[in-house]
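# An overview of the molecular structure
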Amino acid sequence: MEKNHQRFSIFDLVPISICVIRSDFSVIFWNKTMEEWTGMPAKEMLGKNITMTCPGLDRPICINRLNSLFDDGIPVIFSSRLHKDIFPVKLPNGEPRIHKTTVSAITIEPDKRFGALFSVEDVTGLSRTMNDLLESRNFLKEIFNSIQDGISVTDLNHTIRFVNPVVEQKYAGGGPVTGRKSHECYFGASEPLKNSPSLRCIESRETESAILPAPPGCDAKWIELFAYPIKSPESGQVTGVIEYIRDVTVRRQIEEELFRAKMAAEVATRAKSEFLANMSHEIRTPLNAVIGAAEILSGTSMTKEQRQIVDMLSVNSEYLLNIVNDIIDISKIEAGKIDLENIEFNLKNLVEKVCNIFEVNARKKGLTLNRRIDPDLPLAVKGDPSRIRQVLINLVSNAVKFTTQGHISVSCGYEKDNKDNILFSVSDTGIGISGFKQEIIFKSFTQADTSTTRQFGGTGLGLAICRRLVELMGGRISVTSQLNKGSTFYFTTRFEHVQASKTASAPPSCKEGENQAAPNVTFKFTKPARILLVEDYKYTRLIVLHFLMDTPFELDMAENGAQAVEKFTDKKYDLILMDLQMPVMDGYSATREIRKIEKSKGLPSTRIIALSAFALSEDRQKSIDAGCNDHLNKPVTKEALFEMLAQYLPAEKVISRPAGI
């Protein structure tokens, strides 16, 4: 026994459990690993019948297999009654393990008879790993099978290696597809589709996608195909492609419906814009005559009754013009066609000038118009001065309109605890606004007083426009008010502070509560000039003629663009006032024709000012694109006309203040 143990002692060095038995099943060797695995020391097992003492062996199977082994000498692998090569064994210490046992026939000296060598390998870890992999595989398979979109895996030759059931059932006609080409299965094509996501994916090594017509015989009409590259962990090279197929028929239909709705909305928007442009033109053109006539009459000698009638004409025509402007403004805002400027301007001067506009009206009502401008504000900022002016004018105008006694205060300074924002406020001691009305006055076409006996007019658009403009400038607007005690409107904006330019100057010093009358600014033209007025509406021609009557200008007239081109070829003009909408030939075409003549004859460019009853920003740009130098909206007042002419013809500025103020 000792001799046998020495003979097989080399097996004590291997990490596999090994024992050797004779043909009578008695143990002659039991290595250390076997001791550790079974918990049975070698001294207790040597000479013992292994079928009687070894834990975990199935005795009948063991005896049967060993007899067969000794008869023919063929190695065998013991198995459990389930006939598995790997089966569980519970050791004496209660720990469940899994092992694989192999029995081989050997010749044992000196009797030269067969014996058997048991090698027992603990495969518990491997078995658990395999089980985990199997569970993971089944889990992933369940996931793939539960996904309602198609998934396939192909190699670089587009041969399908794996698909989920959705691919076979929905996109491949219900038959097996593994081993076939993906383009053949899905699209009946002999070659991959040109510029297909899978081809691009292999080339770019990135995810690619495309929306394609669905395969023939498929319920879907459109599919979205994503191609994801499979990359080797070692080399990073693309080894295959995962194709993800999604039915996007419904989405495509929705997108097409949205596109049609968008196109219809754009058509409606264009129709609305055209309507507003035409409405603006048709209202502004006669308004130009009414406002111009009232302005001309106001400069003549009249009786008290006649002056009252002229004032009535002026006030009501201006009121009607404001309504038209408000409707056009809110329409432009809703259509997203408001473009904000970002230019340098003097903020303090702007606030002061707005206050000066309402000085006379406030005094007529016995009101005090105060202003407070924080001296720490920068002299120059960058933003949109015209829109800030529009908001302030609307708020101050409302304050004067709704206040019968007391005062109005306009202030401008840094927002508390936030030096990045500038806070404007307009306060009054007027009629005030009830609490629930304060929540709706910033909505379009909404007024605080909607009764049939309301005292004050208005469209309900002014504050809605203010709110939209302030929000476009990145600010906010709000109000606090009490009935019969007054209101305070606040709004904030953020400006970019800049170094004041040489043209920027501080406003006149003005203490809080001190009033300054708005100055009258006129222009005196110093040199003769020849002007061509192109206008089809005779009353507008008459108004402009009266405006220019006391100037050194020579005025010619044309009733349409064709006449204007004809006159231009015969005479040289210093400036042309060009109406845009006229019969025979419009102002755009006439301007382009004049520019062609100048270019062909090498003539200097004549200054052309567009006169337009259209009020949209695109109309101004359209006239500039046609070759006009500038654009003047109708109704044209004498002040606006002279200010425009002074930019192009020699003139002196005359500043005076109203008498008696």
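Residues numbered from 1 in each chain as written. Predicted model: local features only at pLDDT ≥ 70, side-chain atom pairs only at ≥ 80, totals over all residues. Heavy atoms only, no water.

### Digging into the overall build of the protein
Looking only at helices and strands, the protein features 20 helices and 26 strands. A burial count over the protein gives 43% of its 661 residues as buried. In the protein, the proportion of contacts linking residues at least 24 apart, taken out of those at least 6 apart, comes to 61%. With the model as given, the accessible surface of the protein reaches about 35,900 Å², and the carbon-plus-sulfur share is 53%. (Helix = DSSP H or I, 4+ residues; strand = E, 2+ residues; numbered from the N terminus. Buried < 20%, exposed > 50% of the residue type's maximum accessible area, 1.4 Å probe, protein only. Contact = heavy atoms within 4.5 Å. Areas by Shrake-Rupley, 256 points an atom, 1.4 Å probe, with all protein chains shown as cover.)

### Considerations on the sheet that holds strand 13 (residues 368–373)
Spatially, five strands are ordered 13-15-16-18-17 in an open sheet, and the strand pairing comes out mixed. Each having just a single partner strand, strand 13 and strand 17 (477–482) make up the two edges of the open sheet. Averaged over neighbouring strand pairs, the angle between their axes works out to 15° when direction is ignored. Inspection of the sheet shows strand 17 paired to strand 18 (residues 486–494) by six bridges, in the antiparallel sense. In the strand pairing of strand 18, Ser481 is matched with Ser487. Each of strand 13, strand 15 (407–415) and strand 16 (418–428) is contacted by helix 12 (residues 347–357), which is oriented at about 175° to strand 13, the strand it contacts most. Contacting strand 15, strand 16 and strand 18, helix 14 (residues 385–401) crosses the sheet at an angle of about 30° to strand 16. (Pairing = 2+ DSSP bridges. Axes fitted to C-alpha atoms, helices over the stretch in contact; angles between N-to-C directions.)

### Focus on the packing of helix 14 against helix 15 (residues 462–472)
Relative orientation of the contacting elements helix 14 and helix 15 amounts to 145°, with a least axis distance of 10 Å. Crossing handedness for the pair helix 14 and helix 15: left-handed. Where helix 14 approaches helix 15, its residues Arg387, Gln390, Val391, Asn394, Leu395 and Asn398 are matched on the opposing element by Gly462, Leu463, Ile465, Cys466, Leu469 and Val470. Tallied by class, the residues present in the contact of helix 14 with helix 15 amount to seven nonpolar, four polar and one charged. (Left-handed = near helix turned anticlockwise from the far one by under 90°. Nonpolar A, V, L, I, M, F, W, Y, C, P; charged D, E, K, R; others polar.)

### Some details on helix 18 (residues 587–601)
In a regular helix each residue adds 1.5 Å, so 15 residues correspond to 21 Å; helix 18 covers 21 Å between its end C-alpha atoms and thus fits that length. The set of residues buried in helix 18 consists of Gly587, Tyr588, Ala590, Thr591, Ile594, Arg595, Ile597 and Glu598. Where helix 18 begins, the capping side chain belongs to Asp586, and its oxygen is found 3.2 Å from the backbone nitrogen of Tyr588. Looking one or two residues beyond helix 18, the residue adopting positive phi is Gly602, at roughly 70°. (Expected span 1.5 Å × (residues − 1). Polar contact = N/O pair within 3.5 Å; in protein donor to acceptor, adjacent residues only side chain to side chain.)

### Topic: a nonpolar patch on the surface
Taken together, the side chains of Val290, Ile309, Met312 and Leu313 define a hydrophobic patch exposed on the protein surface, amounting to about 320 Å² of accessible area. The biggest single contributor to the nonpolar patch is helix 11 (residues 304–334), with three residues. Secondary-structure assignment places Val290 in helix 10 (residues 249–298). Taking the relative accessible area as the measure of exposure, Val290 reaches 35% and is therefore partly exposed. (Patch = residues over 30% accessible without salt bridge, like charges linked within 9 Å, V, L, I, M, F, W, Y side chains within 5 Å. Salt bridge = Lys/Arg side-chain N within 4 Å of Asp/Glu carboxyl O.)

### A few points about the sheet that holds strand 11 (residues 238–247)
The strands that make up a sheet are held in pairs by hydrogen bonds between backbone atoms, and each pair lies either parallel or antiparallel. Pairing in this open sheet of five strands is antiparallel, and the strands run 8-7-11-10-9 from one edge to the other. Only two strands of the sheet have a single partner each, and these edge strands are strand 8 (160–163) and strand 9 (208–213). When the angles between neighbouring strand axes are averaged without regard to direction, this sheet yields 25°. Helix-sheet contacts for helix 9 (residues 197–204) involve strand 9, strand 10 (222–231) and strand 11, and the interaxial angle to strand 9 is about 165°.

### Describing the packing of helix 12 against helix 14
Contact geometry for helix 12 and helix 14: axes closest at 10 Å, N-to-C directions at 35°. Note on packing geometry: the crossing formed by helix 12 with helix 14 is right-handed. In contact with Leu350, Val351, Val354 and Ile357 of helix 12, helix 14 contributes Pro385, Ile388, Arg389, Leu392, Ile393 and Val396. When grouped by side-chain class, the residues that make up the contact of helix 12 with helix 14 number nine nonpolar, no polar and one charged.

### Digging into the pairing of strand 18
Extensive coverage of strand 18 is indicated by the burial of seven of its nine residues. Judged from the seven bridges that link them, strand 16 and strand 18 form a sheet pairing that is antiparallel. Bridge pairing in strand 18 places Leu423 opposite Thr492. In sequence, strand 17 turns back onto strand 18 through a hairpin of three residues, with Asn484 there showing a positive phi of about 65°.

### Points about helix 20 (residues 638–645)
For helix 20, the set of buried residues is Leu641, Phe642, Met644 and Leu645. Considered in projection along helix 20, the buried side chains sweep an arc of 160° and stay on one side of the axis. (Arc of directions from axis to C-beta.)

### A few points about the confidence of the model for the protein
A residue-level look at the protein finds 83% of positions with pLDDT of 70 or above and a mean pLDDT of 79. In this model, residues 447–458 is a region of pLDDT below 50 whose contacts with residues beyond four sequence positions or in other chains number 19 contacts. Here residues 502–518 is a poorly scored stretch, pLDDT under 50, and it has 44 contacts once near neighbours within four places are set aside; other chains count. (pLDDT = per-residue confidence, 0-100.)

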